[in-house]
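Listed below are the residues making up each chain.
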Amino acid sequence: LGYRRSMVKLNWYDVSRGYAKWVPGKLLGQDLEGIWHTGVVAFGREYWFGGKVLASDPGKAPFAGPIRCTELGSTLHTREELEDWLRFEVVSRYTRDNYDVLMHNCNHFSDEVSSF
């Protein structure tokens, strides 16, 4: 069929820059390793939500470098298919107006994109 597998990864950024580890666990009921922003890396680009859907060179989101990178697997979709899906089905759901720090954030976006 001519399809080729492309790797998909998840970049993790600690937006607290390490300070979350200093929050007493008793204060929140659990210890924090970080306060996470995530972005999905596919086809040589990193896709992420920051008030709107954005794409950048991998590791170049404005949060210092990624703390970790997790391989999620591979896809047979093409870059064009992903970007069309983002443009026509996802962009309208991920805007500054419907951002919610707990219920609709960059991690929810990454979850949705990684399931495409």
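Parameters and conventions
Residues numbered from 1 in each chain as written. Predicted model: local features only at pLDDT ≥ 70, side-chain atom pairs only at ≥ 80, totals over all residues. Heavy atoms only, no water. Helix = DSSP H or I, 4+ residues; strand = E, 2+ residues; numbered from the N terminus. Buried < 20%, exposed > 50% of the residue type's maximum accessible area, 1.4 Å probe, protein only. Areas by Shrake-Rupley, 256 points an atom, 1.4 Å probe, with all protein chains shown as cover. Lys, Arg positive; Asp, Glu negative; His and termini not counted. Charge placed at Lys NZ, Arg CZ, Asp CG, Glu CD. 1 Å grid on protein atoms, 1.4 Å probe; cavity = no way out; pocket = protein on both sides within 12 Å on 5 of 7 lines; lining within 4 Å. Points joined across faces, edges and corners; volume = space filled by probe spheres on them. Nonpolar A, V, L, I, M, F, W, Y, C, P; charged D, E, K, R; others polar.

A. Here's a closer look at the overall build of the protein chain. When its secondary structure is counted, the protein chain shows 3 helices and 5 strands. Order of helices (α) and strands (β) in the protein chain, N terminus to C terminus: β-α-β-β-β-β-α-α. Projecting the C-alpha coordinates of the protein chain onto the three principal axes gives extents of approximately 55 × 30 × 25 Å. For the protein chain, buried positions account for 31% of its 116 residues. Carbon and sulfur atoms make up 54% of the accessible area of the protein chain, which amounts to about 7700 Å² in all. Across the protein chain, 14 positive and 15 negative side-chain charges occur, with their mean positions spaced 5 Å apart.

B. Local environment of the layout of surface pockets. The volume enclosed by the largest pocket comes to roughly 370 Å³. Those elements giving two or more residues to the lining of the largest pocket turn out to be strand E1 (6-14), strand E2 (36-42) and helix H3 (106-114). Taken together, the residues that form the lining of the largest pocket break down as 11 nonpolar, 6 polar and no charged.

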